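As a plain string of letters, each chain reads:
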Amino acid sequence: MMASNGNITYVHDGVCVYVSGPHKDKEPIFTGRVTISEQPYGGVLEWHANEEVNETGRPLSSPETENLDWEDVASGFSAGYKPHSNQCCESIELKLETTKKPQTINFDVADLKSYKCVQKKKGKGSEVTFFLKDGSTPPTLYFPKNNHMCLINALEKYIQFRRSAKDAHLYLVHEPQKEALEKSFSELQLFREQSSDLVKRFFDDPYTATMGGFSKVTNFLFEYVLTNENSPTKCSNEEVVQMLQESLPSVEINQNEEPGFEVITCMELPPRPEVKREDPVLLDQWEAHLDSEGQVKDIEQLKHKIFKGGLLNSLRKEVWKFLLGYFPFNSTKKEREKLRKKKIDDYYKMKLQWKSITPEQETRFSAFRERKNLIEKDVSRTDRTHPYFMGTENANVQLLYDILMTYCMYNFDLGYVQGMSDLLSPILVVMENEADAFWCFAEFMENVGSNFELDQQGMKTQLQQLYSVIHFADPHLCDYLESHDSGNLYFCFRWLLILFKREFKFHDIMRLWEVLWTGLPCRSFHLLICLAILDAEKNTLMENQFGLPEILKHINDMSYKINPEEVLCRAESIYLQLSQCQHLPQSLQDILGIQAPAPPSPVSSIVSLPPSTASAPIEDIRHSSSVPVPINKTSSTLDRFNASPPSGNSSVENSSIEVLPEDSDIEARYQISFDLMS
Amino acid sequence: MAKTYDYLFKLLLIGDSGVGKTCILFRFSEDAFNATFISTIGIDFKIRTIELDGKKIKLQIWDTAGQERFRTITTAYYRGAMGIMLVYDVTNEKSFENIKNWIRNIEEHASADVEKMVLGNKCDVNERRQVSKERGEQLAIEYGIKFMETSAKASINVEEAFFALARDIKRKMEKKMEATNPPKTGSHQLKANEPTKKTSRWFCTVL
């Protein structure tokens, strides 16, 4: 798809693009040319790489034999930024050619929604990221000479930009007439049986919509009052009013704009302290934690160091075994050798069990057959661009297969579920040993196994907990997501299911996981990581007015591009903020294992370990490791992920007051599907 | 303002894990094939604009995780789909048998008048074929659904399949519009010849 047939009205050379992918430590840069061409339907922006441009469009290499730099990017999380690919023959040839250099970028100027411009430090150029209306994000353009404004000016012949009031780096396309037209078309309602936007809801059923909106206020207050530690669970109306006046001066009820819809404007949280990451734990630091017998001493201090900086890559093979619980921290070197011997023995016994199933047995064992098929399919497409798994007939792919098959024998009830191969792959890469990798993986699964259960309860609980966290920490964002059909947070499903494996680059996910495995600084810290990522993207989502598909696309397009250190800093900062928050509802205290600082409570079952105090050795009273365990499913008042819609009307359901149900009650309700989208 | 498309169709790809849904979509949207695909976790979509009878149609095609366990989440996205591709793998008998379950799934979760089509993918791999073309056709006749054998790898029928599905949706939609347009006097109609018809994308921007 070379600069199609239209007139080229603008040319800008020397514009670079990073090629990102899960297995690249350093992103290669390609220099190329940006053009804007005039088509009958408007302007088209294109970018082509300079090097190796073969004018005939002939393939330079075969995609099957090469490592697919760009296309693996495009497959995993790409967007439709090449919308007009109907000239198939032409584009096939070009595609084949582009195995080693990035594909072209090509989109209609009219499809632009906004762009983000970041100036690099010390005058090292500028970066422009375009956001398209479908939520997709073409690769970021890098202008080493800082001259991106020429391009922006050229674009302004077609569209106008205005700077976002909330994000100084964000420039939104200004389309004055658009909204009216969009509205009119949406109300044609050709196929959608029911739209859930508020206006529509209001027209359909003004009473429900309004009362639903109002009930958000009561719901919030109710939750607040109910969960406030010192308040009695039952109180009269007067008492509630009085209490509100006393204890909630910071809650404002917005009565001016859109009465009844958006209600709670802000609940002041303490400021977020600045957080810095530290250097990874080095070999001598690790060795200093081992006594003469090989027992690990000052465990909490070690964990704290790992939490703050992670581990040097070469230490992972040894230390992960402790973090995951394969080796007890207090075991001696001798004990570990003995343990390991036994574990290896156990592993091969289990492996033998499935290895010795004859083909004839297999014909009468459908559960086994199905799992085998699924594992076969998945290992052949797990991290195949990573050097460890690259190429055909790779023995390490076979190892993945063997370990997952053996895991089926180890945990037959759970078996194999998609996503597990993603969790195993980094562990195998680090362990470089089948049996060790198996046991580390098995320990990992102890903590995240509930994500994969048949009833998906682990996922539902976590989505619900995440909702509670967002609802409290960022009601604006929560409201926005609710009103854009995304209150179920399904767009975070992949994050939670495989603990961000597909969101971060391969070496970054190792860092993130080891941080999570420390169990610091609080329970379910991964939920705060989710919030941290959303927090960073919030302005982009809201200012672009992204709806359900665009939010999902934007989130999916962030895959392998998220900076782990930034996210960890932000998440820790949010943790510190919440742990200083006196109004932290009981439900959040339970989810995160944080205790609100004041007023002091005589009964304390959970001790939180803020990093500042963790430098001294502290007995970890939780004992068990660490990794996010969905807990306390009864504690959330926002039981929306499991509840049955009482009236079939989500607007009411989402916002109605719910009284904490009894345990037995909850169990019954969990049976009901959590699809409340409709 | 430029007109980027006249209609937006939401399509859905469903079928067992590993039948090639993502590859079909990648072939259609990027016209490429990648042997090192990764399994789909959760849900994603891609977009391609095609032209049919002079109309620009933006196809928003949703790709879902195939494993049964994730159906609670994937079915949440069935709503609003105008067309569904049911994909099986001709080298995998089980995936063909499961088409019936997938159809039942659609009946439960998608709107009643959704256009459907069955695709038997990987038809280039004849040496490992387990499901004959005739059986595919038979099944399609049984359910009154269109059928095609495809190969994302060899680029067989992928283009044709999506165009056929889009054409059926367009026909149905125009019929509906004809039926609803004249009597309705509401102010929200779009006239067919409206010059600056910048057809809508979403309903999300209203609030």
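Residues numbered from 1 in each chain as written. Chains lettered and ligands numbered in written order. Predicted model: local features only at pLDDT ≥ 70, side-chain atom pairs only at ≥ 80, totals over all residues. Heavy atoms only, no water.

Section: the confidence of the model for chain A
All names here are of chain A.
Right, so step 1: In the predicted model, chain A carries a mean pLDDT of 76, and 65% of its residues have values of at least 70.
Right, so step 2: Low confidence marks residues 223-236, where pLDDT is under 50. Its contacts with residues over four positions away, or in another chain, come to 23 contacts.
Right, so step 3: In the model, residues 238-265 has pLDDT below 50 throughout and makes 46 contacts with residues more than four positions away in sequence or in other chains. (pLDDT = per-residue confidence, 0-100. Contact = heavy atoms within 4.5 Å.)

Considering the sheet that holds strand β5 (residues 112-119) of chain A
Residues and elements named next belong to chain A.
Right, so step 1: Across the sheet, which stays open at both edges, the nine strands sit in the order β4-β3-β2-β1-β7-β6-β5-β9-β8 with antiparallel pairing between neighbours. Edge strands, defined here as strands with exactly one partner in the open sheet, are β4 (105-108) and β8 (160-163). Going from strand to strand, the sheet's axes swing by 30° on average, the running direction of each strand aside.
Right, so step 2: With three bridges connecting them, β5 and strand β9 (residues 170-174) associate as antiparallel partners. Among the inter-strand pairings, S114 is bridged to a residue of β9, identified as L172.
Right, so step 3: Contacts from helix α21 (residues 525-543) reach β5, β6 (126-132) and β9 within the one sheet, and its direction differs from that of β9 by about 10°. (Pairing = 2+ DSSP bridges. Helix = DSSP H or I, 4+ residues; strand = E, 2+ residues; numbered from the N terminus. Axes fitted to C-alpha atoms, helices over the stretch in contact; angles between N-to-C directions.)

Observations regarding helix α17 (residues 457-473) of chain A
Right, so step 1: For α17(A), with 17 residues, the first-to-last C-alpha span of 24 Å sits near the 24 Å given by 1.5 Å per residue.
Right, so step 2: For α17(A), a buried count of 16 out of 17 residues is recorded, marking the element as mostly surrounded by other parts of the structure. (Expected span 1.5 Å × (residues − 1). Buried < 20%, exposed > 50% of the residue type's maximum accessible area, 1.4 Å probe, protein only.)

As for the UniProt feature "domain: Rab-GAP TBC" (unreviewed entry) in chain A
Right, so step 1: Annotation from UniProt places "domain: Rab-GAP TBC" (unreviewed entry) at residues 310-520 of chain A.
Right, so step 2: Segment residues 310-520 of chain A splits into 66% helix and 0% strand. End C-alpha atoms: 12 Å apart. (UniProt positions renumbered as here; feature names shortened; annotations may be inferred.)

Things to note about the pairing of β5(A)
On any regular strand, side chains alternate: one points to one face of the sheet, the next to the other face.
Residues and elements named next belong to chain A.
Right, so step 1: The element β5 is extensively covered by neighbouring structure, given that six of its eight residues are classed as buried.
Right, so step 2: In this sheet, β6 lies alongside β5 in antiparallel orientation, the contact comprising seven bridges. Each bridged residue has a counterpart across the sheet, and for Y115 the counterpart in β6 is F130.
Right, so step 3: The antiparallel pairing of β5 with β6 creates a hairpin that spans six residues between the two strands, and K122 there sits at a positive phi of about 55°.

Some details on the sheet that holds strand β3 (residues 55-64) of chain B
Right, so step 1: Sheet architecture is open: six strands sit in the order β2-β3-β1-β4-β5-β6 (chain B), paired in mixed fashion. Either end of the sheet is taken by a strand with one partner, and the two such strands are β2 (43-52) and β6 (146-149) of chain B. Adjacent strand axes in the sheet meet at a mean angle of 25°, parallel and antiparallel pairs treated alike.
Right, so step 2: Sheet strands touched by helix α22 (residues 548-557) of chain A: β2 and β3 of chain B. Its angle to β2(B), the strand with the most contacts, is close to 115°.

With respect to the packing of helix α14 (residues 395-410) of chain A against helix α16 (residues 434-448) of chain A
Residues and elements named next belong to chain A.
Right, so step 1: For the pair α14 and α16, interaxial distance at closest approach is 10 Å and the crossing angle is 50°. Relative to α16, the element α14 is oriented oblique. Note that α14 runs across α16; the crossing there is right-handed. Contacts from L399, D402, I403, L404, T406, Y407 and Y410 in α14 reach E434, A437, F438, W439, F441, A442, M445 and E446 in α16.
Right, so step 2: A class-by-class count of the residues in the contact of α14 with α16 yields eleven nonpolar, one polar and three charged. (Parallel < 35°, antiparallel > 145°, perpendicular 65-115°, else oblique. Left-handed = near helix turned anticlockwise from the far one by under 90°. Nonpolar A, V, L, I, M, F, W, Y, C, P; charged D, E, K, R; others polar.)

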